[in-house]
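# Structure at a glance
Spelled out, the chains give:
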Amino acid sequence: MDIHQLELFLAVMDSPSMTRAAEKIHLSPGAVSLQLHNLAERAKEVVKMMGHIQQEFENDLAKDVRPFHFATGVTTLIYQLGGPLRQLRKRYPKAEIRVTVGVTEEMVAGLLDRRFDLALISLPVSETGLLLIPLFDEELLIVRPSANKVGSGHIGTLRAPELAGVPFLLYPKRSNVRMVIDRFFNEIGVTPQVLMEADDTEAIKRLVESGFGYSILPEHALRGRSQFFQKFRVEGHRLKRSLALATARTECPRKLTESIASFLRTTLVQD
């Protein structure tokens, strides 16, 4: 980058058009365009270099005092992240960790515009600007009302035709889990009769127990005490969702993000 390129840039900024700017500095519009392109390439190199320099000064885990923003879905937070987050706070006692709850689409947008450092999302996502760290698959089970309490261990089997015409309470269509569920219904040749939609897994469980209909929920959310519903798989089919940690792709990743991602991956996979 030299002074002539900067003068050319200022001439373009001060002129109403590229042609007028070219006339002012006695060059052709094509030559001005080429010089601006070269200037932009040099600017990219400078920005990249400054990013590396900034990372060298700031990427010390012991000195990183910026808030760390972690995003996750509400179901995963309630049923799978309690222990790992407690361990995380003990491991990084000086880190200011902030947790945001949202759906996958909101979390992806937050990662791309750098509002979130790390997110635990449901796959699939097609965004190439993300670095994905696969964790595990979680089974989704069909639940239906029961007149009596049923232990959490038993899982029965249904045939696909038995689901035709029954009322369902499902997650909203905007959620990735619903996308997986709709694909499953398509595979087994059933068009579900969806009467209600809700984001909250606990609310869906209570409505199922009250006899409002069937649902499909993550296996982790169905563990524990006896419930007034039965759990099933469809004969010959297994329905699963895939979970992954995600962060924005960058040439200068934050060390704290890498360290927390590695810790959560180890903790969650072992769990």
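Small disclaimer: the values here were computed from a predicted structure and weren't measured. (Residues numbered from 1 in each chain as written. Predicted model: local features only at pLDDT ≥ 70, side-chain atom pairs only at ≥ 80, totals over all residues. Heavy atoms only, no water.)

A few words on the side chain of Thr-247. Its location among the elements puts Thr-247 in strand β10 (residues 240-248). Polar side-chain contacts of Thr-247 include one of 2.9 Å to the backbone oxygen of Asp-117. Residues contacting Thr-247, with those up to four places away along its chain left out, are Leu-111, Asp-117, Leu-118, Gly-129, Leu-130, Leu-131 and Thr-257. (Helix = DSSP H or I, 4+ residues; strand = E, 2+ residues; numbered from the N terminus. Polar contact = N/O pair within 3.5 Å; in protein donor to acceptor, adjacent residues only side chain to side chain. Contact = heavy atoms within 4.5 Å.)

Moving on to the pattern of salt bridges. Across all of its chains, the model carries 18 salt bridges by this definition. Notably, a salt bridge pairs Lys-205 with Glu-202, separated by 3.0 Å at the nearest N-O pair. In this pair, Lys-205 and Glu-202 both sit in helix α8 (residues 201-209), three residues apart, roughly one turn of the helix. Classification of Lys-205 by relative accessible area gives buried; the value is 4%. You can call Glu-202 partly exposed: its relative accessible area is 27%. Among the charged side chains, a salt-bridge network with shared partners connects Asp-64, Arg-66, Asp-117 and Arg-254. (Salt bridge = Lys/Arg side-chain N within 4 Å of Asp/Glu carboxyl O. Buried < 20%, exposed > 50% of the residue type's maximum accessible area, 1.4 Å probe, protein only.)

In terms of residue burial, strand β1 (residues 68-72) counts as a mostly covered element, since four of its five residues are buried. Direction of pairing for β1 relative to strand β2 (residues 97-101): parallel, over a ladder of five bridges. Bridge pairing links Thr-72 to Val-101 in β2. Here three bridges tie β1 to strand β3 (residues 118-123), and the two strands are oriented parallel to one another. Paired with Thr-72 across the bridge in β3 is Leu-120. (Pairing = 2+ DSSP bridges.)

Within this model, the second largest pocket holds a volume of roughly 290 Å³. The wall of the second largest pocket is formed by 21 residues, among which Gly-73, Val-74, Gly-102, Val-103 and Val-177 lie closest to the centre. Mapped onto the lining of the second largest pocket, the elements with two or more residues apiece are α4 (74-80), α6 (104-112), β3, α7 (176-188) and β10. Residue composition of the lining of the second largest pocket, by class: eleven nonpolar, eight polar and two charged. (1 Å grid on protein atoms, 1.4 Å probe; cavity = no way out; pocket = protein on both sides within 12 Å on 5 of 7 lines; lining within 4 Å. Points joined across faces, edges and corners; volume = space filled by probe spheres on them. Nonpolar A, V, L, I, M, F, W, Y, C, P; charged D, E, K, R; others polar.)

Counting 29 residues, the largest nonpolar core has Ile-142, Leu-163, Phe-168, Ile-181, Phe-185 and Ile-216 as its most contacted members. Every element with two or more residues in this core is listed here: β4 (130-150), β6 (167-170), α7, α8, β8 (215-218) and β9 (227-234). Broken down by element, this core gets its largest block of residues, six residues, from α7. Residue contacts for Ile-181: discarding those within four places in its chain leaves Leu-140, Leu-170, Tyr-171, Ile-216 and Leu-239. (Core = buried A, V, L, I, M, F, W, Y, C linked by side-chain atoms within 4.5 Å.)

The next thing to look at is helix α5 (residues 82-91). Three or more residues of α5 are buried, namely Pro-84, Leu-85 and Leu-88. Buried residues in α5, looked at end-on, bunch into an arc of 95 degrees, giving them a common side. Structural note: α5 exposes Arg-86, Arg-89 and Lys-90 on the side pointing more than 90 degrees away from its buried face. (Arc of directions from axis to C-beta.)

This part takes up empty space enclosed by the protein. Inspection of every chain in the model, using the stated rule, returns three cavities of 30 Å³ or more. The computed volume of the largest cavity comes to approximately 50 Å³. Around the largest cavity, the lining residues are Glu-139, Leu-140, Leu-141, Ile-142, Phe-184, Phe-232, Arg-233, Val-234, His-237, Arg-238 and Leu-239. The biggest single contributor to the lining of the largest cavity is β4, with four residues. Partitioned by chemical class, the residues of the lining of the largest cavity number seven nonpolar, one polar and three charged. Ranked by residue count, the leading element in the lining of the second largest cavity is β9, at four residues. By residue class, the composition of the lining of the second largest cavity is three nonpolar, five polar and two charged.

Considering all chains together, one arrives at four aromatic pairs under this definition. Look at Phe-168 and Phe-185: their rings are 5.2 Å apart centre to centre, the planes differ by 75 degrees, and that puts the pair in the edge-to-face class. Taken as a pair, Phe-168 in strand β6 and Phe-185 in helix α7 lie far apart in primary sequence, 17 residues in all. We classify Phe-168 as buried; its relative accessible area is 0%. Relative to Phe-185, the ring of Phe-184 lies with its centre 6.1 Å away and its plane at 55 degrees, an arrangement referred to as tilted. Each member of the pair, Phe-184 as well as Phe-185, carries the same accessibility label: buried. Feature note: the residues Phe-168, Phe-184, Phe-185 and Tyr-214 constitute an aromatic cluster, connected by ring pairs. The lysine or arginine in question, Arg-115, covers the ring of Phe-116, its NZ or CZ lying 5.2 Å from the ring centre. (Phe/Tyr/Trp six-rings, centres within 6.5 Å; stacked < 30°, edge-to-face > 60°. Lys NZ or Arg CZ within 6 Å of the ring centre and 35° of its normal.)

That's the geometry; what it means functionally is another story.
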